[in-house]
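Here are the chains, one letter per residue:
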Amino acid sequence: YEQLNDYMAAIQIYQKGMELIPASFGFGTRLVEAYINSGQFFDARALLERIRDRHPNNLTLISIEARLLGGEGNVEGGVNLLKGSLRTQRNHPTAYLVLASFYTQHKKLKEALELLQSAKSQFPENTAIHFQLGAALEQSNRFEDAEQVFKRVLYDHPKHAATLNYLGYMLADRGIRLQESVNLLERAIKIDPYNGAYLDSLGWVYFKLARFDLAEVMLQRASKQMSWNSVIQDHLGDLMLKLERYTDAITAWENALAGDGEEIERSKIEQKIGNAKNYLDR
C-alpha cells in the first residue's frame, strides 16, 4: 500500500499490527512514517513520543523525527537534530547517510556533498555512502564525477541494482551512450524484475533509441505500477505523442500533473497538453 501511495490503507494495516503487538518497534515506526507521508503530523508526533520513551537515542527515531520536522516546515530544526546525533555517533556510517539524505531532500546539495566526501574518507568501503555521493553529484550536475563514483561501486559490487539503474538512467536522460545504458538497465532488471523505477528507466532509453514498441511495454508496466510518479507519467505521455495517440498522451500528462509533482516542470507539461489538444482539433 505504501508503494502505491495509498497511505490510509497502510495506516490501517499498521494499526492492526500494533493492536496485536502494542510494543512493536517495527509496526510503530512504520506507522509514524505513514502518518508523516499522509500529512498527519499531529498523530505522527504523538506516536513518535510514545515510542521514543522506550527507545531513547535511537538513530531510526531521530531520523524519523527529522523527517517530521521537515514536513512541518522546520528544516533547520531537522538539520540541527541530525547534526547532534552525528556528534555522538561519528563511528556509525548510518548517521552520516541520514543527515546527507535529509540535506539532499531539502536541496542542500553543497552540504550533502561536503558531508559525504568526509564520510567516504572515514568509511572508504561503505557502498551506501559511495552510492549516495554519486547521486548527490548527479543532482549537482557533476555528471562525470558521478559516473566515476558509480563505476567504483560497480567495480566492487557488479550486481548493485540501484547503481546499475542510476547510471543507466543518467546516460539515457542525457542521450549519450545509449546502448551502454540499455546494458546497465537490463542487468538491473534481471536482478529486480518488478521494480517500476527500473522498468521506466529501460523504457525511457528505448524511447531515446526510437524502439517505441519496446518502450511502450516497459513504460506501460511502470505507469500502472507507479501511477503517482509524475516523471513516469510524463515519459509515457511523450511516447504516446510520438505514436500519435494524442488522447492517451493527454491522459498520461494529466496523471503527471496529479501525481507527486517531483522533478517535473508543470508549465512544460501543461504546454504539452495544449499542443496535443491542438493536434486533436486539427
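Residues numbered from 1 in each chain as written. Predicted model: local features only at pLDDT ≥ 70, side-chain atom pairs only at ≥ 80, totals over all residues. Heavy atoms only, no water.

### Examining the overall build of the protein
Then, in step 1: A count of helices and strands for the protein gives 16 helices and 0 strands.
Then, in step 2: Since a compact globule built from 282 residues should have a radius of gyration of about 19 Å, the 21 Å found for the protein is in line with a globular shape.
Then, in step 3: Considering only C-alpha atoms, the protein reaches an extent of 65 × 40 × 35 Å along its principal axes.
Then, in step 4: Contacts in the protein between residues far apart in sequence, at least 24 positions, make up 47% of those at least 6 positions apart.
Then, in step 5: A total accessible area of about 14800 Å² is found for the protein, and carbon and sulfur atoms account for 50% of it.
Then, in step 6: Taking the average location of the 33 positive side-chain charges in the protein and that of its 36 negative ones, the two points are 4 Å from each other. (Helix = DSSP H or I, 4+ residues; strand = E, 2+ residues; numbered from the N terminus. Rg over C-alpha atoms; globule rule 2.2 N^0.38 Å. Contact = heavy atoms within 4.5 Å. Areas by Shrake-Rupley, 256 points an atom, 1.4 Å probe, with all protein chains shown as cover. Lys, Arg positive; Asp, Glu negative; His and termini not counted. Charge placed at Lys NZ, Arg CZ, Asp CG, Glu CD.)

### Let's talk about a nonpolar patch on the surface
Then, in step 1: Where nonpolar side chains cluster on the molecular surface, the patch consists of Tyr1, Leu4 and Ile13 and spans about 330 Å² of accessible area.
Then, in step 2: Its place among the elements puts Leu4 in the segment before helix H1 (7-20).
Then, in step 3: A relative accessible area of 52% means that Leu4 is categorised as exposed. (Patch = residues over 30% accessible without salt bridge, like charges linked within 9 Å, V, L, I, M, F, W, Y side chains within 5 Å. Salt bridge = Lys/Arg side-chain N within 4 Å of Asp/Glu carboxyl O. Buried < 20%, exposed > 50% of the residue type's maximum accessible area, 1.4 Å probe, protein only.)

### Digging into the pattern of salt bridges
Side-chain pairs of opposite charge can arise where the charged atoms are in close proximity.
Then, in step 1: What the rule picks out here adds up to 17 salt bridges.
Then, in step 2: Glu65 is the salt-bridge partner of Arg45, the closest N and O atoms lying 3.7 Å from each other. Here Arg45, found in helix H3 (residues 41-54), pairs with Glu65, found in helix H4 (residues 59-71); they are 20 residues apart in sequence, far enough to count as distant.
Then, in step 3: A relative accessible area of 14% places Glu65 in the buried class.
Then, in step 4: Residues Glu216 and Arg245 are paired through a salt bridge, measuring 2.9 Å at the closest nitrogen-oxygen approach. Of this pair, Glu216 sits in helix H13 (residues 212-225) while Arg245 sits in the loop between helix H14 (230-242) and helix H15 (246-258), and the two are 29 residues apart along the sequence.
Then, in step 5: Arg245 sits in the partly exposed class, given a relative accessible area of 29%.
Then, in step 6: Counted as one network, the salt bridges with shared partners bring together Arg45, Arg52, Glu65 and Glu72.

### Here's the deal with the nonpolar core
Then, in step 1: Judged by nonpolar contacts, the single largest core of 69 residues is most densely connected at Leu82, Leu115, Leu167, Leu202, Val205 and Ile269.
Then, in step 2: In terms of residue count, the dominant contributor to this core is helix H6 (residues 93-105) (8 residues).
Then, in step 3: When residues no more than four places from it in sequence are discounted, the contact partners of Val205 are Ala172, Leu178, Ser181, Val182 and Leu185.
Then, in step 4: Ranked by size, the runner-up nonpolar core spans 16 residues in total, among them Met18, Ala34, Tyr35 and Leu61. (Core = buried A, V, L, I, M, F, W, Y, C linked by side-chain atoms within 4.5 Å.)

### Digging into unusual backbone geometry
Then, in step 1: One non-glycine residue with positive phi stands out, namely Arg177, at about 45 degrees.
Then, in step 2: We note that Glu244 has phi near 60 degrees; this positive angle belongs to a residue other than glycine.
Then, in step 3: For Glu244, the location among the structural elements is in the loop between H14 and H15.

### Considerations on the environment of Lys208
Then, in step 1: Inspection of the secondary structure puts Lys208 in helix H12 (residues 196-208).
Then, in step 2: Considered as a pair, Lys208 and Asp173 are 35 residues apart in the sequence and their alpha carbons are 8.4 Å apart.
Then, in step 3: Sequence-distant contacts of Lys208, that is, excluding residues within four places in its chain, are made with Ala172, Asp173, Gly175 and Leu178.
Then, in step 4: Among the polar contacts made by the side chain of Lys208, one reaches the main-chain carbonyl oxygen of Asp173 at a distance of 3.3 Å. (Polar contact = N/O pair within 3.5 Å; in protein donor to acceptor, adjacent residues only side chain to side chain.)

### Description of H12
Then, in step 1: Here H12 contains 13 residues, and its C-alpha end-to-end distance of 18 Å stays within 8% of the 18 Å for a straight helix at 1.5 Å per residue.
Then, in step 2: With 11 of 13 residues buried, H12 is to be regarded as a mostly interior element.
Then, in step 3: Those residues of H12 lying buried are Gly196, Tyr198, Leu199, Asp200, Ser201, Leu202, Gly203, Trp204, Val205, Tyr206 and Phe207.
Then, in step 4: In this structure, the buried side of H12 is in contact with helix H10 (161-174), helix H11 (178-191), H13 and H14.
Then, in step 5: Capping the start of H12 is the job of one residue whose side-chain oxygen sits 3.0 Å from the backbone nitrogen of Ala197: Asn195.
Then, in step 6: A positive phi of about 65 degrees marks Ala210, the residue just after H12. (Expected span 1.5 Å × (residues − 1).)

### Regarding H15
Then, in step 1: Taking 1.5 Å per residue as the helical rise, H15 with its 13 residues ought to reach 18 Å, and the 18 Å between its terminal C-alpha atoms agrees with that figure.
Then, in step 2: For H15, the full list of buried residues reads Tyr246, Ala249, Ile250, Ala252, Trp253, Ala256 and Leu257. Projection of H15 onto a plane perpendicular to its axis shows the buried side chains occupying an angular sector of 165 degrees, all on one side.
Then, in step 3: Close packing links the buried residues of H15 with H14 and helix H16 (266-281). (Arc of directions from axis to C-beta.)

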